[in-house]
Amino acid sequence: MEMQLPPHEGDELSVVDMHTGGEPLRIIHSGYPEVKGDSVLSKRRYVLENLDHLRRVLMFEPRGHYDMYGALVVDSELLEADLGVLFMHNEGYSTMCGHAVIALGRFAVDYKLVKEPQSPETQDSLTCFSTDVTVSLEKFGDVTVDISYGGAFYAFVDAKRFGLDVTTSRTRDLVDAATAVTNAVKSQVKLHHPTSDDLAFLYGTILTDGKDDYSSDPTANMCVFAEAQVDRSPTGSGVTARVALQYHRGLIQLNQTRTFQSGATGSQFTGRAVEETKCGEFKAVVVEVSGRAFYTGVSRFVQEPEDKLTHGFLLK
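Everything numeric in this text was worked out from a predicted model, so none of it was measured.

What's the story with the overall build of the protein chain in this structure? I'm lost.
Along its length, the protein chain carries five helices and 15 strands. A globule of 316 residues ought to have a C-alpha radius of gyration of about 20 Å, and the protein chain, at 20 Å, matches this closely. Within the protein chain, buried positions represent 49% of all 316 residues. Taking the contacts inside the protein chain whose residues are at least 6 apart along the sequence as the reference set, 65% of them involve residues at least 24 apart.

Looking at this structure, I do not really get the sheet that holds strand S1 (residues 11-20). What am I missing?
The pairing of strands in a sheet happens through backbone hydrogen bonds and is either parallel or antiparallel. Spatially, six strands are ordered S5-S4-S3-S2-S1-S15 in an open sheet, and the strand pairing comes out mixed. Whereas interior strands pair on both sides, the edge strands pair on one side only; in this sheet they are strand S5 (93-94) and strand S15 (293-303). Inspection of the sheet shows S1 paired to strand S2 (residues 23-30) by seven bridges, in the antiparallel sense. By the bridge assignment, Met18 is partnered in S2 with Leu25. Where helix H2 (residues 52-59) meets the sheet, it contacts S1, S2, strand S3 (70-74), strand S4 (84-88), S5 and S15, and its direction lies at approximately 60° from that of S1.

Sorry, what's going on with the side chain of Arg63 here?
Its place among the elements puts Arg63 in the loop between H2 and S3. Buried Arg63, no salt bridge; nearest opposite-charge side chain is Asp307, N-O distance 4.6 Å. One polar contact links the side chain of Arg63 to the main-chain carbonyl oxygen of Val57, over a distance of 3.5 Å. Beyond its immediate stretch of four places on either side in the chain, Arg63 contacts Arg26, Val57, Leu58, Phe301, Val302, Gln303 and Thr310.

Looking at this structure, how should I read the pattern of salt bridges?
Pairing between side chains of opposite charge can happen when their charged atoms approach one another. Taken as a whole and assessed by the stated rule, the structure comprises 14 salt bridges. Measuring nitrogen to oxygen at the nearest pair gives 3.0 Å for the salt bridge that ties Asp173 to Arg170. Take Asp173: its relative accessible area is 28%, and that puts it in the partly exposed class. By relative accessible area, which is 55% here, Arg170 ends up exposed. Put simply, Asp176 and Arg172 hold a salt bridge, and the shortest N to O gap is 3.1 Å. In this pair, Asp176 and Arg172 both sit in helix H4 (residues 171-188), four residues apart, roughly one turn of the helix. Note on Asp176: relative accessible area 42%, which makes it partly exposed. Look at Arg172 and you get partly exposed, because its relative accessible area is 46%. Put simply, Asp52, Arg55 and Arg56 are held in one network by salt bridges that share partners.

I tried to follow the state of the cysteines on my own but got confused; where do I start?
Within this structure, the stated rule accounts for zero disulfides. No disulfide involves Cys97; its nearest neighbouring cysteine sulfur is the one of Cys223, lying 9.3 Å away. Residue Cys97 is classed as buried on the basis of its relative accessible area, which comes to 6%. For Cys223, a relative accessible area of 1% translates into the label buried.

Explain the domain arrangement of the protein chain to me, please; I cannot follow it from the model alone.
Accessible area lost during the coming together of the parts is what is often quoted as the interface size. Examined at the domain level, the protein chain breaks down into domain 1 (13-120 + 295-301) and domain 2 (123-291). For domain 1 versus domain 2, the separation of C-alpha centres amounts to 23 Å. On the side of domain 2, 25 residues touch domain 1, which itself brings 21 residues to the contact. Buried surface at the junction of domain 1 and domain 2, summed over both partners, amounts to about 1800 Å²; 52% is from carbon and sulfur atoms. The largest per-residue losses of area from domain 1 upon contact with domain 2 belong to Glu23, Asp67 and Met96, which jointly make up 26% of the total buried on that side. For the interface between domain 1 and domain 2, the tally reads one salt bridge. For the salt bridge of Asp67 with Arg232, the shortest nitrogen-to-oxygen distance reads 2.9 Å. Summed over the shared surface of domain 1 and domain 2, the result is 13 residue pairs in polar contact (both at pLDDT 80 or more). Of the residues assigned to the side of domain 1 that touches domain 2, the class counts are seven nonpolar, nine polar and five charged.

Help me understand the pairing of strand S13 (residues 268-279) in this model?
A regular strand places its side chains on the two faces of the sheet in alternate fashion. Examined bridge by bridge, strand S12 (residues 258-262) and S13 share four bridges and lie antiparallel to one another. In the sheet register, Gln261 faces S13, and the bridge partner there is Gln268. Two successive antiparallel strands, S12 and S13, enclose a turn made up of five residues, where Gly266 displays a positive phi of approximately 85°. The hairpin turn running from S13 into strand S14 (residues 282-290), its antiparallel successor, is two residues long, and Gly280 in that turn takes a positive phi close to 60°.

Where do I start with the nonpolar core in this structure?
For soluble globular proteins, the rule of thumb is that nonpolar side chains tend to be buried together. Within the largest apolar cluster, 36 residues are counted, with the highest numbers of intra-cluster contacts made by Met18, Leu25, Tyr69, Phe87, Ala100, Leu104 and Tyr154. Ranked by residue count, the leading element in this core is helix H5 (residues 236-248), at six residues. Lining this core are residues from two domains, each supplying at least three of them: domain 1 (13-120 + 295-301) and domain 2 (123-291). Discounting chain neighbours no more than four positions away, the residues touching Leu25 are Val16, Asp17, Met18, His19, Tyr69, Gly70, Ala71, His99, Ala100, Ala103 and Leu104. Val135, Val189, Leu202 and Val224 belong to the second largest nonpolar core, which has 30 residues in total.

About the criteria used
- Residues numbered from 1 in each chain as written.
- Predicted model: local features only at pLDDT ≥ 70, side-chain atom pairs only at ≥ 80, totals over all residues.
- Heavy atoms only, no water.
- Helix = DSSP H or I, 4+ residues; strand = E, 2+ residues; numbered from the N terminus.
- Rg over C-alpha atoms; globule rule 2.2 N^0.38 Å.
- Buried < 20%, exposed > 50% of the residue type's maximum accessible area, 1.4 Å probe, protein only.
- Contact = heavy atoms within 4.5 Å.
- Pairing = 2+ DSSP bridges.
- Axes fitted to C-alpha atoms, helices over the stretch in contact; angles between N-to-C directions.
- Lys, Arg positive; Asp, Glu negative; His and termini not counted.
- Salt bridge = Lys/Arg side-chain N within 4 Å of Asp/Glu carboxyl O.
- Polar contact = N/O pair within 3.5 Å; in protein donor to acceptor, adjacent residues only side chain to side chain.
- Disulfide = S-S within 2.5 Å.
- Domains from an automatic or database assignment.
- Buried area = accessible area lost by both parts, 1.4 Å probe.
- Nonpolar A, V, L, I, M, F, W, Y, C, P; charged D, E, K, R; others polar.
- Core = buried A, V, L, I, M, F, W, Y, C linked by side-chain atoms within 4.5 Å.

And the structure:
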């Protein structure tokens, strides 16, 4: 017998839930109002200014949780694109998300959103913004970080600088260290993106195991992004940025595949640099990332008008 909601008042939102390497993705399937704008970035601004309450409804408790991640499929302004996507999380909206792209590749094929299904693959050019940047942290003193772009800007630093291990240390300690780095970079480093000011912000900090030299063994990292949100996967856009950084330093060659492991769950992605390119004035490299996504369920959420918590809340 199919489960049905009993009679109720209030709007409904239908979603498909997936995960990639343990990192959740809630894909909004129906119930969202029209998103206006002539580009994906203008649509991103529109939902921020006009529909942000729905992000909180789906990402926050009681329907979601502090580390929930979501995707809203929209039309793309690019003729060659089958769809555009707006990514959302506990703080707002990101500009790129690798684990979500992997999941959406499968979703788009299964839900027949692509005209010519092929191997789920997306291509992006990744840049290394700056290496060996020193920032001052109140608790830890001067810390040297690398900043790289993989659809979003990340700061990279070896967890050992804080006496931590990305696979065995307490998550709370890793989050505190990464958040301190993020806050320091945001206040002390001016970021620049060659094509859009909307992209010129630090998305998060990735703590690594320091094993950047090429090896067939996995290298582990943990990403803390948005409002201290912890990525359960190796972080798709973070892997792309880390590959770009390793290539920039001469630690990895074109078409050498590396395995990246989540310090949180042990799940793995692979990444490789496939060709050099340019992004504005920056040298860049095209990176290919591979991983697997799985369905976890489908849901219909309702917003009953008398529910005082219907718009969501977060416990920190």
